Amino acid sequence: MGRRSILSFILFALFIFPGHSKAAGFDGPGGSAPFTRPLGSPADSAKPGDPGGRGELSGTLTGTVTDKDGKPIAGATVTIPDLKTATITDAYGKYTLRKLPGGVYLVQITYVGYGTFNRRIDLSKTTQLDAQMQPATIESAEVVVTGVSKATELRRDPVPIVAVTKAYIEVHSAAGNVIDEIANLPGISAVTTGPNISKPFIHGLGYNRVVTAEDGIRQEGQQWGDEHGIEVDQNSIDRVEIIKGPASLSYGSDAIGGVVNLITPSPVPDGKVQGYVSGLYGTNNGLINSSLRLQGNKNGVVWGVQASDKIAKDYQDRHDGRVYATNFSEKDTRGMIGLNKSWGSSYLNASLFDDLQAIPDGSRDSLTRKFTYQITDSDTYRPIVPGSVLHSYDIPTNHQHVQLYRIYDISTIHLNKGDLLFNLGWQYSHRREFTHPTEPAIPGLNLQMNTYTYDFKYNITVGNGYDISTGINGMYQNNALAYGTDFPIPAYHQFDIGPFFVVKKTYGKFDISAGARYDTRSFTGSPAYIDTAVNYYPTLYTGPNPESTQNVTQQFEALKKTFSGFSGSFGATYNITDQLVFKANIARGFRAPSIAELSANGPDPGSQIYHVGNTHFSPEFSVQGDVGAAYNGKHLTASVSLYDNHIQNYIFQEQLLDANGNPERVNPDGSPNAGGQYTKFTYVQSSARIDGGEFYLDIHPVSWLHFENALTLTYGTNLIDNGKAPDSMKYLPFIPPLHTHTELRGTYNKGFGHFKNLYAFMGFDHYNAQNRFFAAYGTETYTAGYNLLGAGVGFKITNAAGKNILQVNIEGTNLANVNYQSNMSRLKYFDNPVVPPDVQPGIFNMGRNISFKVLVPLDFSPKEKS
């Protein structure tokens, strides 16, 4: 099997001897819908602005949670999301939340098998809130916190947004990373480079057009690059909220396509010490994914730790066999300590992402079509990869090492019936790609980037229910070129700043939101010279007189650029009835060019691309309109969302051709070479239009059975020359094809005996052929359509006291073992420069995979006094 980490051994040992820990309840996937609709549905018993019961005291909230017959519900979760405080109802359905500030907040009550109860109350006037829960076949009252001033019911927010919970993530645990776990949602896709590298795309926009955040802190890790994924431990994420389009005014430039907010676990209730140990095995590539989590809360002093380990061999498909250099080894740790008091809260988080990732290039033996590997820098001969290597967990000599260190603090101070929020973060991204087989310790690419983020805002409800949020945020970034031999981008400094203002108001059945923002981004790039005296090993030249020194050439010129622009959003939601809601929103987005788009001039080994930028680019501006409607009935749930996005100065890459019309291939120094390692791409700019829609239908004739259907359409049109582009340039690159998903799912929360929260589903995905692609200069090629079959089952096992002691999730993907290539997979273009005419070039996607996940809840809480 090869190397297996000590952590993996310890965690799997805990599965064999689970009796050494006390079992605890765990909020797993029982009965949760794998689809979350882009548009919400009514909350049970929720009326905005209704204060509930009133009393003279403040600081404490009590109540009783019952079912529709008035019987108490024990174990229901009562949460105030904005205050990050929660508790569990006792055996009599009663709860108490203490040390609460005055002000208007949303209270949320959840219990498996019942619709979420949401109520917005003024804590300075209300001390008691009782809830009567109603049985529900679907989750209909999702609450979101991303891009809003305060926790808001999704159905009442005009911004297009979708949210998924830990339950959804657990059901789709076969995915190799957190982005793949959400990539099947309507409107969401991912550009991939194997099973562990995925970049999120929203409505056809990705890279520096989508902000990926963790707990609202934007993540910065050279996201312009293709060959590394999002530097986040998928095991540490309990919730994902996705804003579709530029409507969010909280994130500024780079959020022109939307926001993916990855949210870590909420604190456990006071007096609890809980967690879990989990392990997953995937049959296709031998994936072993282990994780340990513990959290505690003692009188508002909260803490949490998590450690994960993930290793995999090369994946396999029927066409290619095992795909060389797609194995990986990832280790993650994180810790949190904080205070949650009546004055507010403060949470200090620290994490480390450490990934060793092989670098595939698709090279093959011309006769057998078996994969080959590089053994010298001159690369004149490549032997066939031995079978023992293809089945090994060992990382090859040519690989990348991606590390992201992160420390951030999220604090809230309750001030004058409002909340002052200040979030500060530091990230250190160290990205190395080792591409010299005879000198394995010398990196090719070696980028070191420090990012300091800041976010200050004040949220308050004033007057007759006006929710106001105003603030300023941005970042300072410093990228350095460390010792290496490849230099795709220069060393640079970047500073972002953007003030914003948002107001929301409810007028009867109308919820209206409006806001504006003004962003400024400044770049200062350093000139750089390269000493090419040693063949294959160029180095940065730091000596005197570079212009006249032999073997020294200029790689980057000095850069000084400032971009600024206005963005805004206006939208409304009309709650026609308790079952029917209509939404509309229009937003203007702004994005400054990235450093790669402006200044790139060098090879990126992991992507096999020699990038060329353009310092004359203008910033992108977009105008996007969204309309939609959603219906939630007893036996039918349906929604439709349509959007139209016009983008000025849209930037994308196109391949360059040589004098013979073939893709231009170059050496690492940029010199032409028909057999060179890199293909040359340049960034270009034009106007563009991206439009499409999402359609969802769930038929649930009985409470336990769902027949779900979704369809996603995305069209990307290049408007160069006023829309009169030749056919080869008519469309935009990386636009996903029409995608439909059909799923039959059954859930039985009550279960049988000690087996609870049972579910089973079977899904069918159809992807149309993508014949609307950017064909110019051979940048993209036609992609055939394909169909995929998936299925899953899961359950929990309880002890005699009714506590969960074991959770099992099994998921199968591509069960028919179909040979297919996704147009969103970069591996589709990885092959020899010349491929026989009767052979389909490129690498195919993963074949059949079945994952088995086991989770053991842990509870070390002190026993409660009688």
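So, how was this worked out
- Think of each chain on its own: its residues are numbered from 1, step by step along the sequence as written.
- Only residues with pLDDT of at least 70 get local features here, since the model is predicted, and only at 80 or more are side-chain atom pairs given and counted; chain-wide, interface and lining totals rely on the full set of residues.
- The basis for every side-chain value is the complete set of heavy atoms in the structure, and neither hydrogens nor water enter the calculation.
- Strands are runs of DSSP state E lasting at least 2 residues, helices are runs of H or I lasting at least 4, and numbering of each runs from the N terminus.
- For this measure, only C-alpha atoms enter the radius of gyration; the expected value for a globule follows 2.2 Å times N^0.38, where N is the number of residues.
- The classification of residues rests on relative accessible area computed with a 1.4 Å probe and restricted to protein chains. Under 20% of the type maximum is buried, over 50% is exposed, and intermediate values are partly exposed.
- In this description, contact between two residues means that some pair of their heavy atoms is separated by no more than 4.5 Å.
- Ring geometry is summarised as follows: Phe, Tyr and Trp rings, the Trp one being its six-membered ring, pair when their centres sit within 6.5 Å, and such pairs are stacked at plane angles under 30 degrees, edge-to-face over 60 and tilted between the two.
- By definition, being over a ring means that NZ of Lys or CZ of Arg is both within 6 Å of the ring centre and within 35 degrees of the ring normal.
- Per-residue confidence from the predictor is given as pLDDT, running between 0 and 100.
- Two joining distances apply to patches: 9 Å for like charges and 5 Å for nonpolar side chains (Val, Leu, Ile, Met, Phe, Trp, Tyr), and every residue must have over 30% relative accessible area and no salt bridge.
- With residues, only the protein chains shown are counted as cover, and all accessible areas are computed by Shrake-Rupley using a 1.4 Å probe.
- By convention in these notes, a salt bridge is any Lys or Arg side-chain nitrogen within 4 Å of a carboxyl oxygen on Asp or Glu.
- We call two strands paired when DSSP finds no fewer than two bridges between them.
- Between N-to-C directions, angles span 0 to 180 degrees; the directions come from axes that are lines fitted to C-alpha atoms, helices contributing only their stretch in contact.

## Brief notes about the overall build of the chain
Working step 1: Counting secondary structure elements, the chain contains six helices and 46 strands.
Working step 2: Taking 866 residues into account, the globule formula puts the C-alpha radius of gyration at 29 Å, and the chain, at 27 Å, falls close to it.
Working step 3: Oriented by its inertia axes, the alpha-carbon framework of the chain measures out at about 85 × 55 × 50 Å.
Working step 4: For the chain, buried positions account for 60% of its 866 residues.
Working step 5: Looking at the chain alone, contacts between residues at least 24 apart form 69% of all its contacts between residues at least 6 apart.

## What to know about the side chain of Ser189
Working step 1: The residue Ser189 is located in strand β11 (residues 188–192) in this model.
Working step 2: Exposure remark for Ser189: the relative accessible area of 11% places this residue in the buried category.
Working step 3: In this structure Ser189 touches Ala183, Lys199, Pro200, Phe201, Pro736 and Met824, once residues within four positions along its chain are discounted.

## Side note on the packing of aromatic side chains
Centre distance and the angle of the planes are the two values used to describe a pair of aromatic rings.
Working step 1: Scanning the entire structure with this criterion turns up 19 aromatic pairs.
Working step 2: Seen from their ring centres, Phe590 and Phe621 are 5.5 Å apart, and the 50 degrees between their planes marks the pair as tilted. Of the two residues, Phe590 is situated in strand β34 (residues 580–591) and Phe621 in strand β37 (residues 620–632); the sequence distance between them amounts to 31 residues.
Working step 3: A relative accessible area of 17% means that Phe621 is categorised as buried.
Working step 4: The side chain of Lys505 reaches across the aromatic face of Tyr466, ending 5.4 Å from its centre.
Working step 5: Above the face of the Tyr507 ring, Lys505 is positioned so that its terminal group lies 4.7 Å from the ring centre.

## Things to note about the environment of Val503
Working step 1: By the secondary structure assignment, Val503 is in strand β28 (residues 492–507).
Working step 2: Using a relative accessible area of 22% as the deciding quantity, one classes Val503 as partly exposed.
Working step 3: The spacing of Val503 and Asp467 is 36 residues in sequence and 5.6 Å in space, taken between C-alpha atoms.

## What to know about the confidence of the model for the chain
The predicted coordinates of low-pLDDT regions are not to be read in fine detail.
Working step 1: In this model, the chain carries an average pLDDT of 88, and 92% of its residues clear a pLDDT of 70 or more.
Working step 2: A low-confidence stretch, residues 1–58 stays under pLDDT 50, and its non-local contacts, those more than four residues away or across chains, total 184 contacts.

## Examining the environment of Ile230
Working step 1: Turning to its location among the elements, Ile230 is positioned in the loop between β14 (217–218) and β15 (239–244).
Working step 2: Judged by relative accessible area, Ile230 falls into the buried class, the value being 15%.
Working step 3: In the structure, Ile230 is positioned 557 residues away from Asn787 in sequence and 27 Å away in space, judged by C-alpha atoms.
Working step 4: Residue contacts for Ile230: discarding those within four places in its chain leaves Ile179, Ser198, Pro200, Thr212, Gln219, Leu262 and Phe353.

## Here we look at a nonpolar patch on the surface
Working step 1: Residues Val301, Leu339, Trp343, Ile413, Leu415 and Leu420 make up a contiguous nonpolar surface patch of roughly 450 Å² in combined accessible area.
Working step 2: As for its position among the elements, Val301 is in strand β19 (residues 301–312).

## Here we look at the sheet that holds strand β32 (residues 552–556)
Working step 1: Strand order in the open sheet formed by three strands is β31-β30-β32, with antiparallel pairing between adjacent strands. At either margin of the open sheet sits one strand with a lone partner, and together these are β31 (539–541) and β32. Between one strand and the next, the sheet's axes are offset by a mean angle of 50 degrees, whatever the strand orientation.

## A word on the sheet that holds strand β2 (residues 77–80)
In any sheet, the strands associate via hydrogen bonds between backbone groups, in a parallel or an antiparallel arrangement.
Working step 1: In space, the four strands of this open sheet follow the order β3-β2-β5-β6, with antiparallel pairing throughout. Pairing within the sheet leaves two strands with one partner each, and these edge strands are β3 (85–88) and β6 (117–122). Geometrically, the sheet is characterised by an average inter-axis angle of 20 degrees between neighbouring strands, direction not taken into account.
Working step 2: Looking at chain direction, β2 and strand β5 (residues 104–110) are connected through three bridges and run antiparallel. Within the sheet, the bridge partner assigned to Thr77 lies in β5 and is Thr110.

## Looking at the pairing of strand β44 (residues 786–798)
The two faces of the sheet receive side chains in turn, since in a regular strand these alternate between them.
Working step 1: Sheet topology places strand β43 (residues 755–767) next to β44; eleven bridges connect them, and they run antiparallel. Within β44, the position partnered with Phe755 by the bridge is Ile797.
Working step 2: The sheet contact formed by β44 and strand β45 (residues 804–813) spans eight bridges and is antiparallel. Bridging from a neighbouring strand, Gly794 pairs with Asn809 of β45.

## Describing the pattern of salt bridges
Oppositely charged side chains can form a pair if their charged atoms are brought close together.
Working step 1: A full pass over the atoms with the stated rule returns 33 salt bridges.
Working step 2: A salt bridge links Lys331 to Asp309; its shortest N-O distance comes to 3.5 Å. In this pair, Lys331 sits in strand β22 (residues 328–341) while Asp309 sits in strand β19, placing the two residues 22 residues apart along the sequence.
Working step 3: The partly exposed category is assigned to Lys331, whose relative accessible area is 38%.

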